[in-house]
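# Analysis of the macromolecular model
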Amino acid sequence: MRTFRLVIACPDGVGIVAKVSNFLASHNGWITEASHHSDDQSGWFFMRHEIRADSLPFGLEAFREAFAPIAEEFSMVWRITDTAQKKRVVLMASRESHCLADLLHRWHSDELDCEISCVISNHDDLRSMVEWHGIPYYHVPVDPKNKEPAFAEVSRLVKQHDAEVVVLARYMQILPPDLCREYAHQVINIHHSFLPSFVGAKPYHQASLRGVKLIGATCHYVTEELDAGPIIEQDVVRVSHSDSIEDMVRFGRDVEKMVLARGLRYHLEDRVLVHGNKTVVF
């Protein structure tokens, strides 16, 4: 079913839900899903509605024009999207294939409602897998002594494909600050949840030596501060002294795949609202 997704954040107060609901009802809007959250700490209110597109007498532009006075009245930060317009996604990867392969499979199986415009990688290892899916593959090597030309090309490709979302599916390079700023809350990353406890090389080896009992993964938006962006999704799996390092790596890859896929799905479905360095996920 085609729906419009209305997502709102604004200072909390009386009458917000009533005003929005009355607006939709006055135009015969049929709400199929409604979510609200009032944050006592920040004093902000968050809302997400899905409305049947065929119940409304107008499209997105007319909706925006009609809703604008209400948005101004309550100082809303808001957006309205149409599920008929699939978001354009650019995937980035290095040599590890598990996250990329999982996303491609989910997309191929229609589990992810998006358009994957291309894959960008600093290695050529995953080309055949990507091109089997009929998706363009761009090999952009990164010179460790001078990374600027590579990221200029990455930026050009992202713009060329008019990307709305960039997913770092185990892309093992740090994006430059200007790219992080330009695509704020549009770049999604995955990392193991040992950070910052076990930084550097071989985190699972470090964790095994410490006898950890839980391993996991964190999906978050990319910011200029490494691995410190707003968190979208997390999960963990329990391990024990009987699990080998190889077991822990395998468990870790499994949870990374699941968490990244869920985080991307939440973003594609307009379920993530960012306020400061925190998210509300409906």
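Residues numbered from 1 in each chain as written. Predicted model: local features only at pLDDT ≥ 70, side-chain atom pairs only at ≥ 80, totals over all residues. Heavy atoms only, no water.

By secondary structure assignment, the location of lysine 86 is in the loop between strand S4 (77–82) and strand S5 (87–93). Separated by 26 residues in the primary sequence, lysine 86 and leucine 112 place their C-alpha atoms 9.9 Å from one another. Apart from the residues within four sequence positions on either side, lysine 86 is in contact with Asp113, Cys114, Glu115 and Glu164. (Helix = DSSP H or I, 4+ residues; strand = E, 2+ residues; numbered from the N terminus. Contact = heavy atoms within 4.5 Å.)

Before going further, it helps to spend a moment on the sheet that holds strand S1 (residues 3–11). What the 4 strands build is an open sheet, ordered S2-S3-S1-S4; its pairing is antiparallel. Of all the strands in the sheet, the pair left with one neighbour each is strand S2 (31–39) and S4. Between one strand axis and the next, the sheet turns through 5 degrees on average, direction left out of account. Pairing geometry for S1 and strand S3 (residues 44–52), over 9 bridges, is antiparallel. For cysteine 10, the partnering residue across the bridge sits in S3 and is phenylalanine 45. This element, helix H2 (residues 60–73), spans S1 and S4 of the sheet and lies at about 160 degrees to S4. (Pairing = 2+ DSSP bridges. Axes fitted to C-alpha atoms, helices over the stretch in contact; angles between N-to-C directions.)

This brings us to the nonpolar core. Soluble globular proteins tend to bury their nonpolar side chains together. Leu91, Leu100, Leu103, Val167, Ile188, Leu260 and Leu264 are the most contacted members of the largest nonpolar core, which totals 31 residues. Of all the secondary structure elements, the ones that give two or more residues to this core are S5, helix H3 (98–108), strand S6 (114–121), strand S8 (165–168), strand S9 (187–192), strand S10 (214–221) and helix H8 (245–268). Counting residues per element, this core draws most heavily on H8, which supplies 6 residues. (Core = buried A, V, L, I, M, F, W, Y, C linked by side-chain atoms within 4.5 Å. Buried < 20%, exposed > 50% of the residue type's maximum accessible area, 1.4 Å probe, protein only.)

Locating histidine 133 in the fold gives a position in the loop between helix H4 (127–132) and strand S7 (137–139). Taking relative accessible area as the criterion, histidine 133 reaches 18% and is therefore assigned buried. Within the structure, histidine 133 has its side chain in polar contact with the backbone oxygen of methionine 129 (distance 2.9 Å). With residues up to four places along the chain from it excluded, the contact list for histidine 133 reads Leu104, Trp107 and His108. (Polar contact = N/O pair within 3.5 Å; in protein donor to acceptor, adjacent residues only side chain to side chain.)

This next bit is on the sheet that holds S6. Strand order in this open sheet of 7 strands is S7-S6-S5-S8-S9-S10-S11, and the pairing throughout is mixed. A strand with exactly one partner marks an edge of an open sheet, and here the two such strands are S7 and strand S11 (231–238). Each neighbouring strand pair of the sheet contributes to a mean axis angle of 20 degrees, computed without reference to strand direction. Bridge count for S9 against S10 is 5 bridges, and the pairing is antiparallel.

Cross-referencing UniProt, the feature "active site" (unreviewed entry) maps to Asp227 in the present numbering. Considering the arrangement of structural elements, one finds aspartate 227 in the loop between S10 and S11. (UniProt positions renumbered as here; feature names shortened; annotations may be inferred.)

Under the criterion given, the structure shown has 32 salt bridges. Aspartate 125 is the salt-bridge partner of arginine 95, the closest N and O atoms lying 3.4 Å from each other. With arginine 95 in the loop between S5 and H3 and aspartate 125 in the loop between S6 and H4, this residue pair connects regions lying 30 residues apart in the sequence. A relative accessible area of 46% means that aspartate 125 is categorised as partly exposed. (Salt bridge = Lys/Arg side-chain N within 4 Å of Asp/Glu carboxyl O.)

Below, the discussion takes up H3. For H3, the full list of buried residues reads His98, Cys99, Leu100, Asp102, Leu103, Leu104 and Arg106. The inward-facing, buried residues of H3 contact S5, S6, H4, S8, S9 and H8. Aspartate 110 lies just past H3 and shows a positive phi near 65 degrees.

Bringing the UniProt feature "domain: ACT" (unreviewed entry) in the protein chain into the picture now. With numbering aligned to this structure, UniProt lists the feature "domain: ACT" (unreviewed entry) at residues 5–85. For residues 5–85, helix accounts for 31% and strand for 38%, while the C-alpha atoms at its two ends are 11 Å apart.

The subject of this paragraph is the packing of aromatic side chains. As enumerated under the stated definition, the model contains 5 aromatic pairs in all. Among the aromatic residues, those joined into a ring-pair cluster are Phe23, Phe58, Phe63, Phe67 and Trp78. (Phe/Tyr/Trp six-rings, centres within 6.5 Å; stacked < 30°, edge-to-face > 60°.)

A word on the domain arrangement of the protein chain. With domains assigned, the protein chain is organised as domain 1 (3–82) and domain 2 (88–281). On a C-alpha basis, the centroid separation for the pair domain 1 and domain 2 is 31 Å. The interface of domain 1 with domain 2 comprises 16 residues on the first partner and 9 residues on the second. The three residues of domain 1 that bury the most area against domain 2 are Arg5, Phe46 and Arg48, which together make up 45% of that side's buried surface. Between arginine 79 and aspartate 270 there is a salt bridge whose closest N-O contact spans 3.4 Å. The interface formed by domain 1 and domain 2 holds 7 residue pairs in polar contact (both at pLDDT 80 or more) in total. Going through the elements one at a time, S1, S2, S3 and S4 are the ones with two or more residues in the side of domain 1 that touches domain 2. By residue number, the principal contributor to the side of domain 1 that touches domain 2 is S3, which donates 5 residues. (Domains from an automatic or database assignment. Buried area = accessible area lost by both parts, 1.4 Å probe.)

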